[in-house]
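This is what each chain is made of:
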Amino acid sequence: MNGRPPSLHPTTKPPSPPPILKTPLLPTPNELLLLSIYPITLLLGHLYSLLSPTTRHLPYDPVAQSHPAAHAPSYFARKNNLLNLLFVKLGWLWTTVVLALFVATHPRFGVGGLAGQVVLRWAGSTGVWYLVTQWCFGPGLVDRSFALTGGRCQVLKDPVAMEEMGKAGEVFTRVACKAAGGQWRGGHDISGHVFMLVLGSAMVAAEVAPAVVSWVRLVRDRNGVTTTMGSDGQETDDSAVSGLGVKAAAVYLALSWWMLLMTALYFHTWFEKLTGLIIGLAGFWLIYYLPRGMAPVRAIVGMPGL
Ligand SMILES: CCCCCCCCCCCCCCCC(=O)SCCNC(=O)CCNC(=O)[C@H](O)C(C)(C)COP(=O)(O)OP(=O)(O)OC[C@H]1O[C@@H](n2cnc3c(N)ncnc32)[C@H](O)[C@@H]1OP(=O)(O)O
(Lines give C-alpha, C1' and ligand atoms only; values in the text may rest on other atoms or scores of the structure.)
Protein backbone atom coordinates (compact mmCIF):
# COMPACT_ATOMS: atom_id res chain seq x y z
CA MET A 1 0.00 0.00 0.00
CA ASN A 2 1.38 3.42 -0.86
CA GLY A 3 -1.26 5.23 1.19
CA ARG A 4 -2.97 6.82 -1.87
CA PRO A 5 -6.67 6.03 -2.45
CA PRO A 6 -7.19 3.90 -5.56
CA SER A 7 -8.13 5.89 -8.65
CA LEU A 8 -11.85 5.87 -9.39
CA HIS A 9 -11.33 5.82 -13.17
CA PRO A 10 -8.07 3.96 -13.74
CA THR A 11 -8.77 3.42 -17.46
CA THR A 12 -9.94 6.98 -18.35
CA LYS A 13 -7.85 8.30 -21.29
CA PRO A 14 -6.45 11.83 -21.05
CA PRO A 15 -8.44 14.23 -23.27
CA SER A 16 -7.06 14.20 -26.81
CA PRO A 17 -5.40 17.47 -27.90
CA PRO A 18 -7.44 19.71 -30.21
CA PRO A 19 -6.88 18.81 -33.89
CA ILE A 20 -4.18 20.89 -35.59
CA LEU A 21 -5.58 22.93 -38.45
CA LYS A 22 -3.67 21.76 -41.51
CA THR A 23 -3.91 24.00 -44.52
CA PRO A 24 -1.25 24.94 -47.08
CA LEU A 25 -2.32 28.56 -46.60
CA LEU A 26 -0.82 28.63 -43.09
CA PRO A 27 2.80 28.19 -41.98
CA THR A 28 3.92 24.81 -40.69
CA PRO A 29 5.05 24.69 -37.02
CA ASN A 30 8.71 24.95 -38.12
CA GLU A 31 7.97 27.91 -40.39
CA LEU A 32 6.01 29.55 -37.60
CA LEU A 33 8.99 29.15 -35.31
CA LEU A 34 11.23 30.89 -37.83
CA LEU A 35 8.72 33.65 -38.54
CA SER A 36 8.33 34.32 -34.82
CA ILE A 37 11.87 35.80 -34.91
CA TYR A 38 10.31 39.00 -36.28
CA PRO A 39 7.74 39.79 -33.56
CA ILE A 40 10.13 38.58 -30.85
CA THR A 41 12.92 40.87 -32.11
CA LEU A 42 10.57 43.86 -32.31
CA LEU A 43 9.02 43.17 -28.93
CA LEU A 44 12.30 42.65 -27.08
CA GLY A 45 13.93 45.65 -28.79
CA HIS A 46 11.04 47.95 -27.97
CA LEU A 47 10.78 46.69 -24.38
CA TYR A 48 14.51 47.24 -23.90
CA SER A 49 14.19 50.81 -25.18
CA LEU A 50 11.42 51.46 -22.64
CA LEU A 51 13.27 49.93 -19.71
CA SER A 52 16.90 50.80 -20.42
CA PRO A 53 18.21 53.68 -18.28
CA THR A 54 20.28 54.89 -21.28
CA THR A 55 17.27 55.42 -23.58
CA ARG A 56 14.10 55.81 -21.58
CA HIS A 57 14.75 59.39 -20.37
CA LEU A 58 16.12 60.69 -23.66
CA PRO A 59 14.05 63.17 -25.70
CA TYR A 60 12.23 61.61 -28.66
CA ASP A 61 11.06 63.50 -31.75
CA PRO A 62 7.84 61.92 -33.09
CA VAL A 63 8.04 63.92 -36.33
CA ALA A 64 11.54 62.62 -37.14
CA GLN A 65 10.61 59.18 -35.71
CA SER A 66 13.89 59.16 -33.77
CA HIS A 67 15.87 60.64 -30.89
CA PRO A 68 17.34 64.05 -31.88
CA ALA A 69 20.84 63.46 -33.27
CA ALA A 70 22.44 65.34 -30.35
CA HIS A 71 20.89 62.83 -27.90
CA ALA A 72 21.32 59.66 -29.95
CA PRO A 73 22.09 56.89 -27.44
CA SER A 74 24.28 54.97 -29.90
CA TYR A 75 25.81 55.09 -33.36
CA PHE A 76 22.92 53.00 -34.70
CA ALA A 77 20.36 55.42 -33.24
CA ARG A 78 21.56 58.01 -35.78
CA LYS A 79 19.84 58.11 -39.15
CA ASN A 80 23.14 58.66 -40.94
CA ASN A 81 24.75 55.46 -39.67
CA LEU A 82 26.49 53.71 -42.55
CA LEU A 83 24.41 50.53 -42.39
CA ASN A 84 21.25 52.57 -42.73
CA LEU A 85 22.55 54.61 -45.65
CA LEU A 86 24.27 51.83 -47.55
CA PHE A 87 22.20 48.78 -46.64
CA VAL A 88 18.59 49.65 -45.67
CA LYS A 89 18.09 52.73 -47.80
CA LEU A 90 19.13 50.58 -50.79
CA GLY A 91 17.52 47.51 -49.28
CA TRP A 92 15.56 46.26 -52.24
CA LEU A 93 18.59 46.53 -54.48
CA TRP A 94 20.56 44.30 -52.06
CA THR A 95 17.65 41.87 -51.81
CA THR A 96 17.67 41.57 -55.60
CA VAL A 97 21.46 41.21 -55.81
CA VAL A 98 21.55 38.48 -53.14
CA LEU A 99 18.74 36.52 -54.75
CA ALA A 100 20.30 36.83 -58.21
CA LEU A 101 23.66 35.65 -56.80
CA PHE A 102 21.98 32.67 -55.18
CA VAL A 103 20.20 31.67 -58.39
CA ALA A 104 23.39 32.17 -60.43
CA THR A 105 25.58 30.02 -58.15
CA HIS A 106 23.24 27.26 -56.97
CA PRO A 107 23.31 24.07 -59.04
CA ARG A 108 19.59 23.35 -58.77
CA PHE A 109 18.87 26.27 -61.11
CA GLY A 110 21.17 24.94 -63.80
CA VAL A 111 18.47 23.22 -65.83
CA GLY A 112 14.71 23.69 -66.15
CA GLY A 113 12.33 26.51 -65.34
CA LEU A 114 13.12 26.78 -61.62
CA ALA A 115 15.10 30.02 -62.07
CA GLY A 116 12.15 31.49 -63.98
CA GLN A 117 9.87 30.69 -61.06
CA VAL A 118 12.24 32.42 -58.60
CA VAL A 119 12.18 35.47 -60.88
CA LEU A 120 8.35 35.38 -60.85
CA ARG A 121 8.27 35.23 -57.04
CA TRP A 122 10.87 38.01 -56.86
CA ALA A 123 8.74 40.09 -59.28
CA GLY A 124 5.69 39.51 -57.06
CA SER A 125 7.54 40.58 -53.92
CA THR A 126 9.07 43.55 -55.75
CA GLY A 127 5.55 44.56 -56.82
CA VAL A 128 4.41 44.45 -53.18
CA TRP A 129 7.43 46.50 -52.03
CA TYR A 130 6.88 49.01 -54.84
CA LEU A 131 3.15 49.47 -54.12
CA VAL A 132 3.71 49.85 -50.40
CA THR A 133 6.74 52.15 -50.36
CA GLN A 134 7.15 53.80 -53.76
CA TRP A 135 4.07 54.16 -55.93
CA CYS A 136 0.49 52.95 -55.84
CA PHE A 137 -1.24 54.79 -58.66
CA GLY A 138 0.15 57.90 -57.00
CA PRO A 139 1.79 57.89 -53.56
CA GLY A 140 2.74 54.51 -52.07
CA LEU A 141 0.47 52.84 -49.50
CA VAL A 142 2.65 54.03 -46.59
CA ASP A 143 2.20 57.66 -47.66
CA ARG A 144 -1.50 57.16 -48.45
CA SER A 145 -2.20 55.67 -45.02
CA PHE A 146 -0.30 58.57 -43.43
CA ALA A 147 -2.53 61.09 -45.23
CA LEU A 148 -5.70 59.06 -44.57
CA THR A 149 -5.00 59.07 -40.82
CA GLY A 150 -4.80 62.85 -40.73
CA GLY A 151 -1.16 63.46 -41.62
CA ARG A 152 -0.02 66.19 -43.92
CA CYS A 153 2.99 68.11 -45.06
CA GLN A 154 3.15 71.02 -42.67
CA VAL A 155 4.46 73.49 -45.19
CA LEU A 156 1.03 73.24 -46.87
CA LYS A 157 -0.32 75.40 -44.07
CA ASP A 158 1.71 78.28 -45.48
CA PRO A 159 -0.34 79.64 -48.43
CA VAL A 160 2.69 81.34 -50.02
CA ALA A 161 4.74 78.17 -49.93
CA MET A 162 1.74 76.31 -51.30
CA GLU A 163 1.50 78.74 -54.19
CA GLU A 164 5.19 78.24 -54.95
CA MET A 165 4.89 74.50 -54.96
CA GLY A 166 1.97 74.46 -57.36
CA LYS A 167 -0.85 72.07 -56.70
CA ALA A 168 -1.14 71.02 -53.03
CA GLY A 169 -1.71 67.41 -54.06
CA GLU A 170 1.84 67.22 -55.35
CA VAL A 171 3.28 67.28 -51.83
CA PHE A 172 1.71 64.03 -50.94
CA THR A 173 4.71 61.90 -50.10
CA ARG A 174 7.26 61.99 -47.29
CA VAL A 175 10.09 62.41 -49.81
CA ALA A 176 8.36 65.26 -51.68
CA CYS A 177 7.46 66.93 -48.39
CA LYS A 178 11.05 66.82 -47.14
CA ALA A 179 12.32 68.07 -50.49
CA ALA A 180 9.90 71.01 -50.23
CA GLY A 181 11.32 71.84 -46.80
CA GLY A 182 8.16 70.72 -45.03
CA GLN A 183 7.46 68.46 -42.08
CA TRP A 184 5.49 65.27 -42.59
CA ARG A 185 3.43 65.15 -39.40
CA GLY A 186 0.16 64.21 -37.79
CA GLY A 187 -0.66 60.78 -39.25
CA HIS A 188 0.15 57.15 -38.63
CA ASP A 189 3.61 56.58 -40.14
CA ILE A 190 3.96 52.86 -40.86
CA SER A 191 7.60 51.85 -40.40
CA GLY A 192 8.96 51.37 -43.92
CA HIS A 193 12.16 49.91 -42.43
CA VAL A 194 10.29 47.16 -40.59
CA PHE A 195 8.10 46.43 -43.62
CA MET A 196 10.99 46.13 -46.07
CA LEU A 197 13.38 44.28 -43.75
CA VAL A 198 10.69 41.71 -42.94
CA LEU A 199 9.48 41.18 -46.53
CA GLY A 200 12.99 41.08 -48.05
CA SER A 201 14.56 38.81 -45.44
CA ALA A 202 11.58 36.42 -45.34
CA MET A 203 11.76 36.11 -49.13
CA VAL A 204 15.51 35.46 -49.18
CA ALA A 205 15.23 32.97 -46.29
CA ALA A 206 12.35 31.15 -47.99
CA GLU A 207 14.34 30.81 -51.23
CA VAL A 208 17.66 29.84 -49.66
CA ALA A 209 16.57 27.68 -46.69
CA PRO A 210 15.77 24.55 -48.75
CA ALA A 211 19.32 24.61 -50.17
CA VAL A 212 20.86 24.88 -46.71
CA VAL A 213 18.64 22.13 -45.32
CA SER A 214 19.61 19.79 -48.14
CA TRP A 215 23.28 20.70 -47.60
CA VAL A 216 23.07 19.87 -43.91
CA ARG A 217 21.51 16.53 -44.87
CA LEU A 218 24.28 15.95 -47.39
CA VAL A 219 27.00 16.60 -44.82
CA ARG A 220 25.28 14.38 -42.29
CA ASP A 221 25.02 11.52 -44.78
CA ARG A 222 28.45 11.87 -46.32
CA ASN A 223 28.94 8.09 -46.39
CA GLY A 224 26.58 7.97 -49.36
CA VAL A 225 23.38 6.72 -47.78
CA THR A 226 21.57 9.83 -49.00
CA THR A 227 22.54 12.36 -51.63
CA THR A 228 21.32 15.76 -52.64
CA MET A 229 20.04 16.01 -56.18
CA GLY A 230 20.17 18.96 -58.55
CA SER A 231 17.22 19.70 -60.83
CA ASP A 232 18.78 17.52 -63.54
CA GLY A 233 19.06 14.56 -61.18
CA GLN A 234 22.85 14.96 -60.80
CA GLU A 235 24.38 14.86 -57.36
CA THR A 236 25.10 18.40 -56.30
CA ASP A 237 28.50 19.58 -55.20
CA ASP A 238 28.24 20.51 -51.51
CA SER A 239 30.69 23.42 -51.92
CA ALA A 240 28.23 24.95 -54.40
CA VAL A 241 25.31 24.37 -52.06
CA SER A 242 27.18 26.24 -49.32
CA GLY A 243 28.76 28.58 -51.88
CA LEU A 244 28.86 32.30 -52.59
CA GLY A 245 25.08 32.74 -53.02
CA VAL A 246 24.28 31.07 -49.69
CA LYS A 247 27.06 32.99 -47.91
CA ALA A 248 25.85 36.31 -49.35
CA ALA A 249 22.33 35.42 -48.20
CA ALA A 250 23.61 34.63 -44.70
CA VAL A 251 25.34 38.05 -44.48
CA TYR A 252 22.23 39.75 -45.85
CA LEU A 253 19.98 37.99 -43.31
CA ALA A 254 22.29 38.83 -40.41
CA LEU A 255 22.40 42.53 -41.42
CA SER A 256 18.60 42.59 -41.87
CA TRP A 257 18.08 41.14 -38.41
CA TRP A 258 20.51 43.62 -36.87
CA MET A 259 18.83 46.60 -38.53
CA LEU A 260 15.40 45.31 -37.51
CA LEU A 261 16.65 45.20 -33.92
CA MET A 262 18.10 48.73 -34.22
CA THR A 263 14.77 49.98 -35.60
CA ALA A 264 12.98 48.29 -32.71
CA LEU A 265 15.34 49.94 -30.22
CA TYR A 266 15.56 53.49 -31.48
CA PHE A 267 12.89 54.40 -34.05
CA HIS A 268 9.12 54.75 -34.42
CA THR A 269 6.30 54.02 -31.96
CA TRP A 270 5.43 50.40 -31.16
CA PHE A 271 2.21 50.68 -33.21
CA GLU A 272 4.07 51.96 -36.29
CA LYS A 273 6.46 49.03 -36.00
CA LEU A 274 3.56 46.62 -35.56
CA THR A 275 1.81 47.85 -38.72
CA GLY A 276 5.12 47.61 -40.62
CA LEU A 277 5.42 44.00 -39.43
CA ILE A 278 1.82 43.11 -40.33
CA ILE A 279 2.10 44.55 -43.85
CA GLY A 280 5.49 42.88 -44.39
CA LEU A 281 4.14 39.48 -43.32
CA ALA A 282 0.95 39.99 -45.34
CA GLY A 283 3.05 40.67 -48.46
CA PHE A 284 5.11 37.54 -47.79
CA TRP A 285 1.93 35.49 -47.30
CA LEU A 286 0.53 36.79 -50.59
CA ILE A 287 3.55 35.63 -52.61
CA TYR A 288 4.63 32.51 -50.68
CA TYR A 289 1.50 31.09 -48.97
CA LEU A 290 -1.49 32.01 -51.11
CA PRO A 291 -0.16 30.08 -54.16
CA ARG A 292 0.33 26.98 -51.95
CA GLY A 293 -3.45 26.73 -51.68
CA MET A 294 -4.16 27.59 -55.33
CA ALA A 295 -2.94 24.82 -57.62
CA PRO A 296 -3.13 26.78 -60.93
CA VAL A 297 -1.11 29.68 -59.49
CA ARG A 298 1.32 27.28 -57.80
CA ALA A 299 1.90 25.59 -61.15
CA ILE A 300 3.13 28.92 -62.54
CA VAL A 301 5.12 30.46 -59.68
CA GLY A 302 6.21 27.19 -58.04
CA MET A 303 7.39 26.85 -54.47
CA PRO A 304 10.92 27.25 -53.09
CA GLY A 305 12.73 23.93 -52.81
CA LEU A 306 10.30 22.00 -55.04
C1 LIG B 1 16.03 36.41 -58.75
C2 LIG B 1 16.30 37.78 -59.11
C3 LIG B 1 16.38 37.96 -60.54
C4 LIG B 1 16.67 39.34 -61.02
C5 LIG B 1 16.33 39.43 -62.44
C6 LIG B 1 16.82 40.69 -63.03
C7 LIG B 1 15.80 41.35 -63.87
C8 LIG B 1 16.25 42.68 -64.33
C9 LIG B 1 15.45 43.78 -63.74
C10 LIG B 1 16.31 44.75 -63.01
C11 LIG B 1 15.47 45.66 -62.23
C12 LIG B 1 16.08 45.88 -60.92
C13 LIG B 1 15.12 46.53 -60.00
C14 LIG B 1 15.49 46.22 -58.62
C15 LIG B 1 14.74 47.07 -57.68
C16 LIG B 1 15.70 48.00 -57.10
O17 LIG B 1 16.77 47.67 -56.82
S18 LIG B 1 15.14 49.59 -56.84
C19 LIG B 1 16.51 50.59 -56.43
C20 LIG B 1 16.95 50.46 -55.03
N21 LIG B 1 16.09 51.15 -54.13
C22 LIG B 1 15.90 50.65 -52.96
O23 LIG B 1 16.34 49.57 -52.67
C24 LIG B 1 15.12 51.53 -51.97
C25 LIG B 1 14.82 50.79 -50.69
N26 LIG B 1 14.38 51.71 -49.68
C27 LIG B 1 13.07 51.93 -49.38
O28 LIG B 1 12.18 51.38 -50.00
C29 LIG B 1 12.77 52.92 -48.27
O30 LIG B 1 13.92 53.70 -48.05
C31 LIG B 1 12.40 52.20 -46.97
C32 LIG B 1 13.42 51.18 -46.57
C33 LIG B 1 11.06 51.53 -47.18
C34 LIG B 1 12.38 53.13 -45.75
O35 LIG B 1 11.69 54.30 -45.97
P36 LIG B 1 11.88 55.59 -44.95
O37 LIG B 1 11.48 56.79 -45.69
O38 LIG B 1 13.25 55.58 -44.38
O39 LIG B 1 10.77 55.38 -43.86
P40 LIG B 1 10.80 54.74 -42.39
O41 LIG B 1 11.37 53.38 -42.38
O42 LIG B 1 9.40 54.85 -41.92
O43 LIG B 1 11.77 55.66 -41.50
C44 LIG B 1 11.43 56.94 -41.01
C45 LIG B 1 12.71 57.67 -40.65
O46 LIG B 1 13.36 56.95 -39.59
C47 LIG B 1 14.66 56.55 -40.00
N48 LIG B 1 14.93 55.18 -39.55
C49 LIG B 1 14.04 54.19 -39.29
N50 LIG B 1 14.70 53.08 -38.89
C51 LIG B 1 16.02 53.38 -38.90
C52 LIG B 1 17.20 52.66 -38.60
N53 LIG B 1 17.17 51.40 -38.17
N54 LIG B 1 18.39 53.28 -38.73
C55 LIG B 1 18.45 54.57 -39.13
N56 LIG B 1 17.37 55.32 -39.45
C57 LIG B 1 16.17 54.72 -39.33
C58 LIG B 1 14.66 56.60 -41.53
O59 LIG B 1 15.95 56.84 -42.03
C60 LIG B 1 13.68 57.74 -41.81
O61 LIG B 1 14.34 58.95 -41.69
P62 LIG B 1 14.31 60.05 -42.89
O63 LIG B 1 15.24 59.53 -43.93
O64 LIG B 1 12.91 60.12 -43.39
O65 LIG B 1 14.76 61.29 -42.22
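Residues numbered from 1 in each chain as written. Predicted model: local features only at pLDDT ≥ 70, side-chain atom pairs only at ≥ 80, totals over all residues.

**Some details on the overall build of the protein chain**
And then number 1: Within the protein chain one finds 13 helices and two strands.
And then number 2: By the burial criterion, 28% of the 306 residues in the protein chain qualify as buried.
And then number 3: Residue pairs at least 24 apart in sequence account for 73% of intrachain contacts in the protein chain once pairs closer than 6 positions are excluded. (Helix = DSSP H or I, 4+ residues; strand = E, 2+ residues; numbered from the N terminus. Buried ≥ 20, exposed ≤ 12 C-beta atoms within 10 Å, placed from the backbone. Contact = placed C-beta atoms within 7 Å.)

**Things to note about the nonpolar core**
And then number 1: If you look at the biggest cluster of nonpolar residues, it comprises 43 residues, and the most contacted ones within it are Phe195, Val198, Leu199, Val204 and Ala249.
And then number 2: Ignoring any residue separated from it by four or fewer positions in sequence, one finds Phe195 in contact with Val132, Ile190, Gly276, Ile279 and Gly280. (Core = buried A, V, L, I, M, F, W, Y, C linked by C-beta atoms within 7 Å.)

**With respect to the UniProt feature "active site" (unreviewed entry) in the protein chain**
And then number 1: Under the local residue numbering, the UniProt record ascribes the feature "active site" (unreviewed entry) to His193 and His268. Across 76 residues of sequence, these annotated residues stay compact in space, with a maximum C-alpha separation of 9.8 Å.
And then number 2: Judged by the 23 C-beta atoms lying within 10 Å of it, His193 is buried.
And then number 3: In this structure, His193 is in contact with Val88, Met259, Thr263 and Phe267, ignoring residues within four places of it in sequence.
And then number 4: On the secondary structure map, His268 appears in the loop between α11 (244-266) and α12 (270-288).
And then number 5: His268 has contacts with Gln65, Ser191, Thr263 and Lys273, leaving out every residue within four places of it along the chain. (UniProt positions renumbered as here; feature names shortened; annotations may be inferred.)

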